[in-house]
Amino acid sequence: MERPRLEVADVFRRYGEAYRQLHAASLSTAQRRVMSAIELCRTAALGYHLEQCDQCRYERICYDSCRNRHCPKCQSLARAQWIEDRQSELLDTQYFHVVFTLPEEIAAIAYQNKEVVYDILFRATSETLRTIAADPKHLGAEIGFFAVLHTWGQNLMFHPHLHCVVPGGGLSPDSNRWVPCRPGFFLPVRVLSRLFRRVFLELLQQAFDAGHLHFFTSLHQLQDPSAFAAYLAPLRRAEWVVYAKAPFAGPQQVLDYVGRYTHRVAISNHRLLDIENGRVRFRYKDYRQDGQQKTMPLSADEFIRRFLLHVLPDGFHRIRYYGFLGNRYRQEKLERCRQLLGMAVPATKPPKDYRDQYEELTGISLRLCPVCRHGQMIRIAVPVTPACASPALRDTS
């Protein structure tokens, strides 16, 4: 893939300071930190090291990355590492992709209470999938899956939803059998939708009763219990969107496909078309018109506002694992699944250098000298971290 001509960082560098001044009162600390990280990513401000070709002696400066999980430039290697870590967990069975979406009315509450409502979304989704799967009328088994939080649509508007990837089957209650799904069918979507709606609204009401929800501006009136109840009443009857995509072609396709979701940010640099005269143009797919490619022009101020809608709370885990893929008993239960499916124990592979991962992912070698095309680039100086680089810019969540 060719390096993009324009970057989100360019938008922040040109218009970010004006945005900070205009919206100083409404910007959170996390949003300010994300803006600064993206602006400084791969610049001298974060440090650098020197590399030299062992043949022609060509030298180049390599600037360090911000490693912020919202930065479009810093996700490729994280994605490659995640895929490599998940390889050994693939099971020889069909896989399904299920998406749980929040209604617009709940999304409005979620934006003002991100950490609380996002956590409820994960909990309600997990309880829904595990409860229906454990029911003998459906599957009667303990399933395992991981869920990835996305909060955006193609136009960068706020649209929280979870992508869940689930092996097509699970462990019997006594763990002595692998219980497979029917070919091409996981669980009934309508049943999932109804239970998801009920569980989510129950958890949301509990959060309200405990005083964990806060409301501002247009939602201020929801602080009153009767107004909150009236706001939720229509949602108890509405259809909530839960849908299952077509089953994956095979286990290997799962990681190739889902890798696009796990470390995706609100918009990639490759979608940017133009940054001029205080405006930003980018490509998007209009799913209301069969995924038709369109162009959206926005003021730089509105583009930054929409991008910052999707900044996650500090330390919030946007990828979570459940059932037999839960962290506590993952290795033990995966081993049992492999035994029941007749799979061989996966070979342990030594960790790959980040340059090898990058080359596998992009086809571009970071070692090959770009001048002579024969020599290897060797680091000849230790990383330099200038005093102006702030540790707060390092996102380790």
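Notes on the structure in this doc start here.

Criteria and thresholds
- Residues numbered from 1 in each chain as written.
- Predicted model: local features only at pLDDT ≥ 70, side-chain atom pairs only at ≥ 80, totals over all residues.
- Heavy atoms only, no water.
- Phe/Tyr/Trp six-rings, centres within 6.5 Å; stacked < 30°, edge-to-face > 60°.
- Helix = DSSP H or I, 4+ residues; strand = E, 2+ residues; numbered from the N terminus.
- Buried < 20%, exposed > 50% of the residue type's maximum accessible area, 1.4 Å probe, protein only.
- Lys NZ or Arg CZ within 6 Å of the ring centre and 35° of its normal.
- Pairing = 2+ DSSP bridges.
- Axes fitted to C-alpha atoms, helices over the stretch in contact; angles between N-to-C directions.
- Contact = heavy atoms within 4.5 Å.

### Quick look at the packing of aromatic side chains
Okay, so step 1: Scanning the entire structure with this criterion turns up 18 aromatic pairs.
Okay, so step 2: Relative to Phe-316, the ring of Tyr-118 has its centre 5.8 Å away and its plane inclined at 65°; by these criteria the two rings are edge-to-face. Here Tyr-118 is found in helix 5 (residues 114-134), whereas its partner Phe-316 is found in the loop between helix 9 (300-308) and strand 12 (319-323), with 198 residues between them in sequence. Phe-316 matches Tyr-118 in its accessibility class, with the two residues each being buried.
Okay, so step 3: Members of the aromatic cluster, each reached through a chain of ring pairs, are Phe-100, Phe-196, Phe-200 and Trp-240.
Okay, so step 4: In this arrangement the basic side chain of Arg-320 is found over the ring face of Phe-122, its NZ or CZ atom lying 4.3 Å from the centre.

### Structural notes on the sheet that holds strand 10 (residues 279-286)
Okay, so step 1: Across the sheet, which stays open at both edges, the three strands sit in the order 9-10-11 with antiparallel pairing between neighbours. The outermost strands of the open sheet, each flanked by one partner alone, are strand 9 (272-276) and strand 11 (292-299). Adjacent strand axes in the sheet meet at a mean angle of 25°, parallel and antiparallel pairs treated alike.
Okay, so step 2: In this structure, strand 9 lies alongside strand 10, joined through four bridges in antiparallel fashion. If you follow Glu-276 over to strand 10, its bridge partner there is Arg-279.
Okay, so step 3: Relative to the sheet, helix 1 (residues 8-22) contacts strand 9 and strand 10, its axis offset from that of strand 9 by approximately 15°.
Okay, so step 4: Each of strand 9, strand 10 and strand 11 is contacted by helix 9, which is oriented at about 110° to strand 11, the strand it contacts most.

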